[in-house]
Amino acid sequence: MQVIVGKNPKAVGEMAASLFIAQLLRKPDSVLGLATGSTPLPLYEALVRARQAGALDASRAVTFNLDEYVGLVPEHPQSYCAFMWKHLFADLGFRPEQAHLPNGVAGDLEAECARYDAAIDAAGGIDLQLLGIGHNGHIGFNEPDKAFSHGTRVAELTSSTIEANRRFFASEKEVPRRALTMGVLTIFRARGIVLVVTGAAKADITLAMAEGDITPEVPASVLQLHPNTVLIADEAAAAKLRR
Ligand code: F6R
């Protein structure tokens, strides 16, 4: 795992954006894996600025998001689909068929998970996957567990993740309890991975993920084995790294 440290979240966003811009210059029809949450926002803002400056053309890109809540229609303001259109897709001029998210209101969720993995495969696999990391080391909604998960699946959210996501909902009761998420193996199969992490509150998990034991108890630790992962952290999140 290559580690790059930026001064602050904006610098992290700009560095991560350059990797995505370079990817699209090399391969305009890249398949990109994307994430929601607070950490990618400076990156998405940088991509939008790049497009406005004429430095980014994503018109041939295809995207697959990591996850979506079960039970929220795409139009729900807290759905990850709505998040992506608000913060990135609309400003990049995306057509609906470019962007893929798991369907959290599918009648048969298991079949939807299989369909999602098949759609990723049919697109040729993910060229560059963006990840954030939860305070407990989760990637996507792959929470600490006894084994690394495989393909896209239905995941139960842990109480700490429900609490962390509560800030986006009127009350804790409204936070969905389940999500569809790419599995750890789905993520691991991406040809390149960019993991962004910012803030002092994530210094301990950044250390555990990058330098600790490789264990499903810290799902992101598996990225130490990935041949092409770049961790971009701000100084606060990287403060405890030793290597
Ligand atoms: C988002 C996702 C999550 C987040 C993680 C960090 O699609 O899959 O794993 O990346 O919870 O979230 P933030 O960036 O809000 O701290």
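Preceding this section is the structure that the text describes.
Residues numbered from 1 in each chain as written. Predicted model: local features only at pLDDT ≥ 70, side-chain atom pairs only at ≥ 80, totals over all residues. Heavy atoms only, no water.

J.: Sorry, what's going on with the overall build of the protein chain here?
T.: The number of helices and strands found in the protein chain is eight helices and ten strands. Taking 2.2 N^0.38 as the reference for a compact globule, 243 residues should give roughly 18 Å; the C-alpha atoms of the protein chain span a radius of gyration of 17 Å, in line with that estimate. Once the C-alpha set of the protein chain is aligned to its principal axes, its extents read approximately 45 × 45 × 35 Å. Counting every position in the protein chain, which comprises 243 residues, the buried fraction comes to 53%. Partitioning the intrachain contacts of the protein chain with sequence separation of at least 6 by distance along the chain shows that 78% fall at a separation of at least 24. For the protein chain, the exposed area adds up to about 10700 Å²; of that, 54% sits on carbon and sulfur atoms. Side-chain charges of the protein chain comprise 23 positive and 27 negative groups, with the mean position of each set lying 4 Å from the other. (Helix = DSSP H or I, 4+ residues; strand = E, 2+ residues; numbered from the N terminus. Rg over C-alpha atoms; globule rule 2.2 N^0.38 Å. Buried < 20%, exposed > 50% of the residue type's maximum accessible area, 1.4 Å probe, protein only. Contact = heavy atoms within 4.5 Å. Areas by Shrake-Rupley, 256 points an atom, 1.4 Å probe, with all protein chains shown as cover. Lys, Arg positive; Asp, Glu negative; His and termini not counted. Charge placed at Lys NZ, Arg CZ, Asp CG, Glu CD.)

J.: How should the side chain of Asn136 be read in this particular structure?
T.: Along the chain, Asn136 turns up in the loop between strand 6 (128-131) and strand 7 (153-156). A polar contact of 3.0 Å, which involves the side chain of Asn136, links it to the backbone nitrogen of His138. Aside from chain neighbours lying at most four places away, what touches Asn136 is Glu143, Pro144, Thr158, Ser160, Thr161, Ile205, Glu217 and Pro219. (Polar contact = N/O pair within 3.5 Å; in protein donor to acceptor, adjacent residues only side chain to side chain.)

J.: Which parts of the structure should I look at to understand the pattern of salt bridges?
T.: Oppositely charged side chains can pair when the atoms bearing their charge come close. Evaluated as defined, the whole model comprises twelve salt bridges. Two residues, Asp121 and Arg189, come together in a salt bridge whose shortest N-O distance is 3.5 Å. Here Arg189 lies in the loop between helix 6 (184-188) and strand 9 (192-197) and Asp121 lies in helix 4 (residues 109-122), a separation of 68 residues in the sequence. Judged by relative accessible area, which is 42%, Asp121 ranks as partly exposed. Here the salt bridges do not stand alone but share partners, grouping Lys10, Glu14 and Arg49 into one network. (Salt bridge = Lys/Arg side-chain N within 4 Å of Asp/Glu carboxyl O.)

J.: Help me out: how do you make sense of the site of the ligand in this one?
T.: Residues in contact with the ligand amount to 14 residues; listed here are only the nearest, Thr39, Asp67, His138, Gly140 and Lys202. The side chain of His138 places a nitrogen or oxygen atom 2.7 Å from an oxygen atom of the ligand. Note that an oxygen atom of the ligand is positioned 2.5 Å from one of the side-chain N or O atoms of Lys202. Burial of the ligand by the surrounding chains reaches 90%, relative to a free accessible area of 410 Å². Per-class residue counts for the shell around the ligand are three nonpolar, eight polar and three charged. (Near = heavy atom within 4 Å. Nonpolar A, V, L, I, M, F, W, Y, C, P; charged D, E, K, R; others polar.)

J.: Looking at this model, I keep getting lost on the nonpolar core. Mind explaining?
T.: Within soluble globular proteins, side chains that are nonpolar tend to cluster in buried spots. Phe20, Tyr44, Leu47 and Leu88 are the most contacted members of the largest nonpolar core, which totals 73 residues. In contact with Leu88, other than residues within four places in its own chain, are Leu34, Tyr44, Leu47 and Val48. Within the second largest apolar cluster, five residues are counted, among which are Val70, Ala106, Cys113 and Leu180. (Core = buried A, V, L, I, M, F, W, Y, C linked by side-chain atoms within 4.5 Å.)

J.: Would you mind showing me how to read the pairing of strand 2 (residues 31-34) here?
T.: Taken residue by residue, a regular strand's side chains alternate between the two faces of the sheet. Burial along strand 2 is two-sided: the residues Val31 and Gly33 and Leu32 and Leu34 are all buried. Bridge count for strand 2 against strand 3 (residues 62-65) is four bridges, and the pairing is parallel. Looking across to strand 3, one finds that Leu32 is bridged to Thr63. Assessed by its sense of winding, the connection that carries the chain from strand 2 through helix 2 (residues 41-52) to strand 3 is right-handed. Bridge count between strand 2 and strand 6: two bridges; the pairing is parallel. (Pairing = 2+ DSSP bridges. Right-handed = clockwise from strand over helix to strand, strands pointing away.)

The values reported here are purely geometric and, on their own, carry no functional implication.
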